[in-house]
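Close look at the chain arrangement
Here's the letter readout for the chains.
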Amino acid sequence: MIRSAALVLSDGEVFEGEAIGADPPGGVTSGEVVFNTVLTGYQEVITDPSYAGQIITFTYPHIGNYGVTPDDHESRRPFCRGVIVRDMARRRSSWRATGDLEAFLVEQGIAGLAGVDTRRLTSHIRDAGAMPGAFGTAAESDLRAAAAVEPGTDGVDLVATVTRSEPEHFSSTRDDGRAPRRVVALDYGLKATIVRHLQTIAQVEVVPADTAAADILARQPDGVFLSNGPGDPTAVVGATDTIAALLGEVPIFGICLGHQLLAAALGGKIEKLPFGHHGGNHPVRNLATGAVEITSQNHNFCVADGSIPGADITHINLNDHTVEGLRCRDLPAFSVQYHPEAGPGPHDSRYLFALFDELMEGDAHA
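One structure accompanies this document, and this report is about it. These numbers were taken from a predicted model, which means no experiment stands behind them. (Residues numbered from 1 in each chain as written. Predicted model: local features only at pLDDT ≥ 70, side-chain atom pairs only at ≥ 80, totals over all residues. Heavy atoms only, no water.)

**Structural notes on the pairing of strand S8 (residues 111–114)**
Here S8 shows no split at all, with Ala111 and Leu113 on one side and Gly112 and Ala114 on the other all buried. Bridging between strand S2 (residues 14–21) and S8 involves 4 bridges; their strand directions are antiparallel. Counted as the bridge partner of alanine 19 is leucine 113 from S8. Where strand S6 (residues 82–84) meets S8, 3 bridges bridge the pair, whose relative direction is parallel. Looking at the pairing, isoleucine 84 lines up with leucine 113 of S8. (Buried < 20%, exposed > 50% of the residue type's maximum accessible area, 1.4 Å probe, protein only. Helix = DSSP H or I, 4+ residues; strand = E, 2+ residues; numbered from the N terminus. Pairing = 2+ DSSP bridges.)

Written as structure tokens, this is what we have:
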């Protein structure tokens, strides 16, 4: 049965559609509305903890056509607030699928909206910026009221809502004859595919985001990994102090939110982008080689160019020329703004895990 529903943005724009997925309390779901441009990988996007607090609009018109499988989950559950699509597939077609996307949304308690003019919605967000919104089957007045009070992601410590509560160990899968290293990964919203890539070079211990620097160093790691995660880096309680205490003590590799937090610990300035970078097709130039990498990205904030005197910019975004990577001059630490594990996305940037391995090797021989 078709259930009429609508999305109301905080600036008053209304988009009509039909309800899919779970039924939210009171028929209302609210969050910060963003768009993602991936053509495939919708399950990985929906289960990426970096989307905590956000409503994901997929620009690709046909979503759900190959179903879902537990093998593609990036976290223990979705943390996004909702999903908006143009057309939800009525049947799946993949030998890997164990279920349908809409059934998965119902099971996970995630509300959705289909039949939306996602092209118009995306164009509006590009012009006006990402903003709070509310959707559902409730009256338009109720949706408008919910959108007006939705705080969005600015100034909210969303990492505290997604990080694990206890450390977790993962054995190394290294097969090149070299002894695996020991890496401690700070879980700001860590994705499963990232752990699998780290396992190719090291034994990995994933620890909660609020783990103190002294506790991390007591584990005697060869390196520390700063993971991706949701929201405003300036709101993550204690993170920059912890990273500042680790700098110079152990090699560090950060991605996405971890990149922003490393920059902040180095004294860098963080800025919010108008509508963020969300997709699997962002061109990034490696300034050392001149090569262009097509990258997977999911963030609303970025590091201000020129705000870190002690670090060199290593990568830039070719769409808007924002900072995509940095390397410290006098400390064993580097980071990138994107997701090099490609879950989902292209594999152009997976070499960065080998660079982290080399950084740890060099530090061990220092």
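**Topic: helix H4 (residues 140–149)**
The complete set of buried residues in H4 reads Leu143, Ala146 and Ala147. The arc that holds the buried residues of H4, viewed along the axis, is 100°, so those residues lie on one side. Along H4, exposed side chains directed more than 90 degrees from the buried face belong to Ser141, Ala148 and Val149. (Arc of directions from axis to C-beta.)

**Things to note about the pairing of strand S18 (residues 323–328)**
Among the 6 residues of S18, 5 are classified as buried, and the element is accordingly described as predominantly covered. Here strand S17 (residues 311–317) runs beside S18; their pairing, made up of 5 bridges, is antiparallel. Bridge assignment links alanine 311 to a residue of S18, and that residue is cysteine 328. Remark: 5 residues form the turn of the hairpin made by S17 and S18, two consecutive strands paired antiparallel; histidine 321 in that turn has positive phi of roughly 65°. Where S18 lies against strand S19 (residues 333–336), 3 bridges are found, and the strand directions are antiparallel. Within S19, the residue paired with glycine 325 across the bridge is valine 336. Taking the residues between adjacent antiparallel strands as the criterion, S18 and S19 are bridged by 4 residues.

**What about the sheet that holds S19?**
What the 10 strands build is an open sheet, ordered S10-S12-S11-S13-S14-S19-S18-S17-S15-S16; its pairing is mixed. A single partner strand is all that each edge strand has here, and the edge strands are strand S10 (168–170) and strand S16 (292–303). Taken over all neighbouring pairs, the strand axes of this sheet differ in orientation by 20° on average, direction set aside. As paired strands, strand S11 (residues 181–187) and strand S12 (residues 202–208) are joined by 7 bridges and run parallel to one another. Along S12, the bridge assignment pairs alanine 185 with valine 206. (Axes fitted to C-alpha atoms, helices over the stretch in contact; angles between N-to-C directions.)

**A look at the environment of valine 207**
Positionally, valine 207 belongs in strand S12. In this structure, the C-alpha to C-alpha distance between valine 207 and serine 30, residues 177 residues apart in sequence, is 30 Å. In this structure, valine 207 is in contact with Pro167, Val184, Ala185, Leu186, Asp187 and Arg219, ignoring residues within four places of it in sequence. (Contact = heavy atoms within 4.5 Å.)

**With respect to the nonpolar core**
One finds Leu186, Tyr188, Val224, Leu226, Ile243, Leu246 and Ile252 to be the most contacted residues of the largest nonpolar core, which totals 30 residues. Elements represented by at least two residues in this core include exactly S11, helix H7 (213–218), strand S13 (223–226), helix H8 (239–246), helix H9 (257–265), S16 and S18. If one sorts the elements of this core by residue count, H9 sits on top with 5 residues. Leucine 246 has contacts with Leu186, Ala213, Ile216, Leu217, Val224 and Ile252, leaving out every residue within four places of it along the chain. Val183, Val206, Leu352 and Met360 belong to the second largest nonpolar core, which has 23 residues in total. (Core = buried A, V, L, I, M, F, W, Y, C linked by side-chain atoms within 4.5 Å.)

**Re unusual backbone geometry**
One can expect most non-glycine residues to show negative phi and most peptide bonds to be in trans. A cis amide bond links glycine 343 with the next residue in sequence, proline 344, at an omega value of 0°. Within the element layout of this structure, proline 344 appears in the loop between S19 and helix H10 (351–364). For cysteine 256, which is not glycine, the phi dihedral falls at a positive 55°. As for its position among the elements, cysteine 256 is in the loop between strand S14 (252–255) and H9. The class of cysteine 256 is buried, set by a relative accessible area of 0%. Backbone geometry places histidine 321, a non-glycine residue, at a positive phi of 65°. Position of histidine 321 relative to the elements: it lies in the loop between S17 and S18. Taking the relative accessible area as the measure of exposure, histidine 321 reaches 56% and is therefore exposed.

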